[in-house]
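Fold and geometry: a report
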Amino acid sequence: MNKILLVLSVALVWGCKQETKETAPAIAETMKTYTIEQMMDNEAIGGGSFSPDKSKLLVSSNRSGIYNLYTVPVTGGEMTPVTQSDSASVRAISYFPRDERMLFAMDGNGDEIYHIFLRDVDGSHRDLTPYPGARASFEGWNKDKTGFLFSSNKRDKRFTDLYEMDLETYTPKMLFENTEGYFIGNLSDNKKYLALIKPINTNDSDLFLYDMENKSLTKINQNQSANSPQDFSPNGQQLYYTTDDGGEFAKLMRYDIAGQTSETVMTRDWDIMGSYFTENGTYQITYINEDAKNTIEIRDVATDKNVPLPALDGMDITNVAFSEDESLMRFYAGGSHTPSNLYVYDLERKNQTQLTQVLNPEIQAQDLVRASVVRYTSFDGLEVPAIYYVPHQATPENKVPAMVWVHGGPGGQSRQNFSALIQYMVNHGYAVLAVNNRGSSGYGKTFYQMDDRNHGDKDLKDCIAGKEWLAQQPNIDANKIGIIGGSYGGYMTMAALTFAPEAFDVGVNIFGVTNWIRTLRSIPPWWEAQKEALYKELGDPNTADSVRLREISPLFHTEKVTKPLIVLQGAQDPRVLQVESDEIVAGVKKNGIPVEYVLFEDEGHGFVKKENQIKAYSEILNFLDVHLKGDTGTPIEDGSPLESEL
């Protein structure tokens, strides 16, 4: 799917079962409540590039309070710090193919202007893409490993070009100048063909094959459909791509370059999100979005049979990558009830080694809650999927307050993922229903486009229907239900408080859009390629659409807000500007209702520093305790068991 997202970025780790009714009361008798410091002391790990000798992996971890580089032996053992940043997050990209130089990425405290950095073997580092105000993104190593590909908007801030960086001189060479506003796709190993995408609207993106030698451009799709390139075949003669042409869900296709014909390779009852070949073409890895969680299929190309994945009790494998010789596979596994750990799997010996233990040892695993997938009927009969978290202590005799959680977007999806904030809220007695309102991805293209030019109306009614569903549950206090969301979900929070002021009892707005005219006029220059598609979905603020955009913008209707509100914002946010939150807070305060505002000077669109996450999530819970739960302010002793009647 190619709907343009203003979405809050989070690490996604998918899980499965709900806690059974028989076990929940028993857990409630012995469970502990945890401080936000304890909950945020879970470690988040990302990446996992094998060193040339396969002895260790390069990863990112936030164990220091902010993401830094670490190495970890593939046989297990202590992680070794590589960088010591205390301001900007450092994200691992890759080891060099033939030595232990490293590539990593950093932006400026959340401004999303990423640069690619080199860490040399002597520990020194340098910016390889020091272009003022320009972004750079790693696009992979070339086939002979003499350089790497990267995309950058350094020539024109509106458009992303493709470059190749020589590893000896660190000199970039432009391979493709993008003057027409394409998204850059895959480059074939022989550098002859480049896949390009042109977004048209919510459910229409054209796929092209560009011949690098004769400069010709061939359109691959013929009908209106969402198309996305995945990978070239190992022999370079076919391009694999996904499309929803002719059906509700994305399927995997193979385009024969010489014959200019396409054939279906794989279909599932859900969207195929991605597919690629390993270094030597031995395996093809395919990701499927199966009811808000990942399913991964690894096909042995020679036998055309799937490779069995390791079985881990109660967890799902969410991401995999192979060593260059394809003998080792690193993978992440976790669930809605547990953060994701890193493993290495030996494909010949068929055994795995767990490399990390990211759950804070002070937390009892059984105290965390497994999410379940539920579906409820909205106002017009539409079935709406959602992810539901129920506190262990919730019973018909001990009804608990609840929050409707709205994902970012438009076009995002609430997944069966581990969320420290959600688990913190649930641990302290709040149920959470993460709705996938109409317009969410993952449920077919008809469902996906249902909110086009209809934002803040029927999608909001889906959220209100979620609140009504919660109110009917026997263990939920129907008089204490609020709404929370980030980015587009923050907009939905404000839309709820503004356009349906009596529906929810409180609102938590995490850097939400409040003035669509300004937001759409101030989108970052590097979004030029998708700007027209975004305007077609939401409206063009420079035309008569501005009338409707003003009507659905909460900022111009703040006098209608009657319920307590907390707003959280990053000052460096390039997507939803700080002024959005400044003005909505000022407007709502005039109504004489409780309004709290939490601003972080060193964060962007998403809070990544543990110190700031701790403050943000603490403020949210304190706000809910006072304004939703009606807490008198007497805290339960941190880490102590809950009384069984609570």
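Data block above holds the structure.
This section reports on the structure supplied with the text. Please read these numbers as outputs of a predicted model, since none were measured by experiment.

Let us now look at the overall build of the chain. On a plain count of helices and strands, the chain comes out with 11 helices and 36 strands. Relative to the compact-globule value of 26 Å for 646 residues, the chain shows a C-alpha radius of gyration of 24 Å, a close match. Taking the principal axes of its C-alpha atoms as reference, the chain extends roughly 70 × 60 × 45 Å. The buried share of the chain, taken over its 646 residues, is 60%. The long-range share in the chain, meaning contacts at least 24 apart out of those at least 6 apart in sequence, stands at 55%. Of the roughly 25,100 Å² that the chain leaves accessible, carbon and sulfur atoms contribute 47%. If the 60 positive side-chain charges of the chain are averaged to one point and the 89 negative ones to another, these points end up 4 Å apart.

Right, let's talk about the packing of helix α5 (residues 458-471) against helix α6 (residues 488-499) for a bit. Following both chains from N to C, one finds α5 and α6 inclined at 80 degrees, their axes separated by 10 Å at the closest point. Of the possible angle classes, the one that applies to α5 and α6 is roughly perpendicular. Every residue of α6 that contacts α5 at D459, L460 and C463 is listed here: Y488, M492, A495, A496 and F499. Looking at the contact of α5 with α6, its residues break down into seven nonpolar, no polar and one charged.

The geometry of helix α3 (residues 420-427) relative to helix α11 (residues 610-629) is characterised by a closest axis approach of 11 Å and an angle of 30 degrees between their N-to-C directions. Crossing of α3 over α11 shows right-handed handedness. Contact with α3, carried on its side by L421, Y424 and M425, involves Y617, S618, I620, L621 and L624 of α11 and no other residues of that element. By residue class, the composition of the contact of α3 with α11 is seven nonpolar, one polar and no charged.

This next bit is on the side chain of D573. Secondary-structure assignment places D573 in the loop between β35 (565-570) and α10 (578-589). R575 provides the closest opposite charge to the buried, unpaired D573, separated from it by 5.7 Å. Separated by 2.8 Å, the side chain of D573 and the backbone nitrogen of R575 make a polar contact. Only 2.7 Å separates the side chain of D573 from the side chain of H605, close enough to count as a polar contact.

Taken as a whole, this structure holds 21 aromatic pairs when the rule is applied. With 5.4 Å between their ring centres and 45 degrees between their planes, Y488 and Y491 make a pair best called tilted. Placement of the pair is Y488 and Y491 together in helix α6, with a separation of three residues, close to one helical turn. Residue Y488 shares its accessibility class with Y491, and that shared class is buried. Measuring from centroid to centroid gives 5.2 Å for Y491 and W516, while their planes differ by 70 degrees, and the two rings are edge-to-face. Residue Y491 is located in helix α6, and its partner W516 is located in helix α7 (residues 516-521); the two are separated by 25 residues in the primary sequence. The exposure class assigned to W516 is buried, which follows from its relative accessible area of 0%.

Cut-offs applied
Sequence positions are assigned chain by chain, starting from 1 and proceeding in written order. Restriction of local features to residues with pLDDT of at least 70 applies here, the model being predicted, together with a cutoff of 80 or more for giving and counting side-chain atom pairs; totals for whole chains, interfaces and linings are based on all residues. Side-chain measures here rest on the full set of heavy atoms in the structure, leaving out hydrogens and waters. Under the DSSP-based scheme used, a helix requires at least four consecutive residues in state H or I and a strand at least two consecutive residues in state E, with every element numbered from the N terminus. Taken over C-alpha atoms, the radius of gyration is set against a globule rule of 2.2 Å times the number of residues to the power 0.38. Only protein chains enter the accessibility calculation, which uses a 1.4 Å probe; a residue whose area is less than 20% of its type maximum is buried, one above 50% is exposed, and one in between is partly exposed. In this description, contact between two residues means that some pair of their heavy atoms is separated by no more than 4.5 Å. What sets the accessible areas is the Shrake-Rupley method with a 1.4 Å probe; for residues, cover comes only from the shown protein chains. This count recognises Lys and Arg as positive and Asp and Glu as negative, with His and chain-terminal groups excluded. For the purpose of locating charges, the reference atoms are NZ of Lys, CZ of Arg, CG of Asp and CD of Glu. Note on geometry: axes are C-alpha line fits, over the in-contact stretch for helices, and angles between N-to-C directions span 0 to 180 degrees. Reported orientations rely on four angle classes, namely roughly parallel under 35 degrees, roughly antiparallel over 145, roughly perpendicular from 65 to 115, and oblique for the rest. Following the grouping adopted for this structure description, the nonpolar residues are Ala, Val, Leu, Ile, Met, Phe, Trp, Tyr, Cys and Pro, the charged ones are Asp, Glu, Lys and Arg, and the polar ones are all others, Gly among them. Put simply, a crossing is left-handed when the front helix is turned counterclockwise from the back one by less than a right angle, and right-handed when it is turned clockwise. Here, a salt bridge means any side-chain nitrogen of Lys or Arg that lies within 4 Å of a carboxyl oxygen of Asp or Glu. Within 3.5 Å is the distance limit for a polar contact, defined as a pair of N or O atoms, with the added protein rule that one can donate a hydrogen and the other accept it, and that residues adjacent in sequence qualify only through two side-chain atoms. Two aromatic rings, drawn from Phe, Tyr or Trp (for Trp, its six-membered ring), form a pair once their centres lie within 6.5 Å of each other, and the interplanar angle then sorts them: stacked below 30 degrees, edge-to-face above 60, tilted otherwise.

In short, the description is geometric, and any link to function would need to be established separately.
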